[in-house]
Amino acid sequence: MNLLDLLHQTMSSPWVYLALFAIAVLDGFFPVVPSETAVITAGVFAASGEPSLPAVILVAASGALTGDHVSYAIGRTGGARLLDRLPVGGRRRAGVEWARRGIAARGGLILTVARYVPGGRTAVTLTMGAVGFPRRRFFAFDALAAGSWGLYSALVGYLGGLAFEQDPLRGLLLGLGLALSVTVVVEGVRLLRRRGRRRSAPAGQGADREILLNRGR
């Protein structure tokens, strides 16, 4: 049995929805799990009829929403101490600082942006829990973020599947390439904005900190 046959069998099984849900949940607080790749793959095969595209979108979004709330709960129950212990100058510490600035500047809308930043999703949800971001507002913004992510990931794969209906592997490569391109663009914009902030006077840092604390009350 080759890889293509194995993928066909997996995607035509009703268990694929449970697997997608579990992967999306785990990715919320254990970002090593490739949930976006799994959803894109399901979207590619959905172009040929199985699995169902609406079901893939719904299951992926529900799993992402659940995983984000697990991450938020972890942050709420001791995340502040955990985040403060991260090494200064490290990549994870930088991600947390970016999340804090984003929450201060854009509130819950940062959840949508974080979906397309490597490691950003977990950093933002943990930080929101740690600073005491209101749970109801978190749910509302996260429902929007998870829904848009599920729709985007599944449709990217679906378009790849339509483009290469007779060759799902090429469709998968196209879908992954499109997703990678979006991530690169978002990351590039973020880096440019970071450079712009560094060139400006750091006088607003204290104000951002105060806004962040007020949002957490």
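All of these numbers come straight from a predicted model, not from anything done at the bench. (Residues numbered from 1 in each chain as written. Predicted model: local features only at pLDDT ≥ 70, side-chain atom pairs only at ≥ 80, totals over all residues. Heavy atoms only, no water.)

Position of Asp27 relative to the elements: it lies in helix H2 (residues 15-29). Polar side-chain contacts of Asp27 include one of 2.4 Å to the side chain of Ser35. (Helix = DSSP H or I, 4+ residues; strand = E, 2+ residues; numbered from the N terminus. Polar contact = N/O pair within 3.5 Å; in protein donor to acceptor, adjacent residues only side chain to side chain.)

Next up on the list: the pattern of salt bridges. Tallied over the entire structure, the rule returns four salt bridges. Between Asp68 and Arg115 there is a salt bridge, with the nearest N and O atoms lying 2.0 Å from each other. Pair noted here: Asp68 is in helix H4 (residues 53-76) and Arg115 is in the loop between helix H7 (110-114) and helix H8 (120-130), with a separation of 47 residues, a long-range link. The residue Arg121 makes a salt bridge to Asp68 at a minimum N-O spacing of 2.6 Å. Taken together, the residues Arg121 in helix H8 and Asp68 in helix H4 connect sequence positions 53 residues apart. Across this residue pair, the class does not change: Arg121 and Asp68 are buried. The structure contains a network of salt bridges with shared partners spanning Asp27, Asp68, Arg115, Arg121 and Asp142. (Salt bridge = Lys/Arg side-chain N within 4 Å of Asp/Glu carboxyl O. Buried < 20%, exposed > 50% of the residue type's maximum accessible area, 1.4 Å probe, protein only.)

With that settled, consider the environment of Gly43. Tracing the sequence through the fold places Gly43 in helix H3 (residues 35-46). With 115 residues separating them along the chain, Gly43 and Tyr158 place their C-alpha atoms 4.4 Å apart. In contact with Gly43, not counting residues within four places along its chain, are Ala154, Gly157 and Tyr158. (Contact = heavy atoms within 4.5 Å.)

Here the focus is a nonpolar patch on the surface. Taken together, Leu26, Phe29, Phe30, Val32, Val70 and Ile74 make up a surface patch of nonpolar side chains, about 500 Å² in accessible area. Sorting the residues of the nonpolar patch by element identifies H2 and H4 as the ones contributing at least two each. By relative accessible area, Leu26 is classed as partly exposed at 38%. (Patch = residues over 30% accessible without salt bridge, like charges linked within 9 Å, V, L, I, M, F, W, Y side chains within 5 Å. Areas by Shrake-Rupley, 256 points an atom, 1.4 Å probe, with all protein chains shown as cover.)

Another aspect to go through is the side chain of Thr122. Position of Thr122 relative to the elements: it lies in helix H8. Owing to a relative accessible area of 10%, Thr122 belongs among the buried residues under this scheme. Setting aside its immediate chain neighbours within four residues, Thr122 contacts Asp27, Gly28, Phe29, Pro31 and Ser71.

Here we take up unusual backbone geometry. For residues besides glycine, phi is generally negative; the peptide bonds are generally trans as well. The omega angle of the peptide bond from Glu50 to Pro51 is 0 degrees, so this bond is cis rather than trans. Structurally, Pro51 can be placed in the loop between H3 and H4.

Here we come to the nonpolar core. Core analysis: the largest hydrophobic core is formed by 25 residues, its most contacted members being Leu20, Val39, Val56 and Ala154. Elements with a contribution of two residues or more to this core: H2, H3, H4, helix H9 (135-163) and helix H10 (168-199). The residues touching Ala154, leaving out its near neighbours within four places in the chain, are Val39, Gly43, Leu53, Val56 and Ile57. Grouped together as the second largest cluster of nonpolar side chains are 14 residues, Trp98, Ala99, Ile110 and Leu111 included. (Core = buried A, V, L, I, M, F, W, Y, C linked by side-chain atoms within 4.5 Å.)

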